[in-house]
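# Commentary on secondary and tertiary structure
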Amino acid sequence: MWYRKNVGIKERSARIIAGLLMMLWGLVGMHASLLGLLVAGSGLIMILTGSIGYCPACAVAGRKPLVDNE
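It should be emphasised that the depicted structure is a prediction, and the values quoted were computed from it without experimental measurement.

### Focus: the environment of K64
With respect to the helices, strands and loops of the structure, K64 is situated in the segment after helix 3 (56–60). Along the sequence, K64 and K5 sit 59 residues apart, while their C-alpha atoms lie 8.7 Å from each other.

### Quick look at the pattern of salt bridges
If you walk through the whole model with that rule in mind, you get 2 salt bridges. Where E11 meets R15, a salt bridge forms, and the shortest distance between an N and an O atom there is 3.0 Å. Pair noted here: E11 and R15 are both in helix 1 (residues 9–29), with a separation of 4 residues, about one helical turn. When the shortest N-O distance is used, the salt bridge between E11 and R63 registers 2.5 Å. With E11 in helix 1 and R63 in the segment after helix 3, this residue pair connects regions lying 52 residues apart in the sequence. For E11, a relative accessible area of 24% gives the class partly exposed. Connected through salt bridges with shared partners, the residues E11, R15 and R63 form a single ionic network.

The rules behind each value
All residue numbers refer to positions counted from 1 along the written sequence of the respective chain. The model is predicted, so local features are restricted to residues of pLDDT at least 70 and side-chain atom pairs to those at 80 or more, both for listing and for counting; the totals for chains, interfaces and linings are taken over all residues. Hydrogen atoms and water are omitted, and side-chain values are computed over all heavy atoms in the structure. Here a strand is any run of E in DSSP of at least two residues, a helix any run of H or I of at least four, and the numbering for each starts at the N terminus. By salt bridge we mean one thing: a side-chain nitrogen of Lys or Arg within 4 Å of a carboxyl oxygen of Asp or Glu. Working definition: with a 1.4 Å probe on protein chains only, accessible area under 20% of the residue-type maximum means buried, over 50% means exposed, and in between means partly exposed.

Written out as structure tokens, the structure is:
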């Protein structure tokens, strides 16, 4: 791969679950308003970073790859 994973397995699971809840709340709970669409988009980003195990914001902040990435 061209990137080093910097999100551990437990955090990946938490990101995916939180992302799904954010998308659900943004689209259904906020009736897909402008703010709801922003929340849903943020949820999508959470799901993507959790799925691939890499977070660009964590990399910019200097977060080192974790041990439990395998």
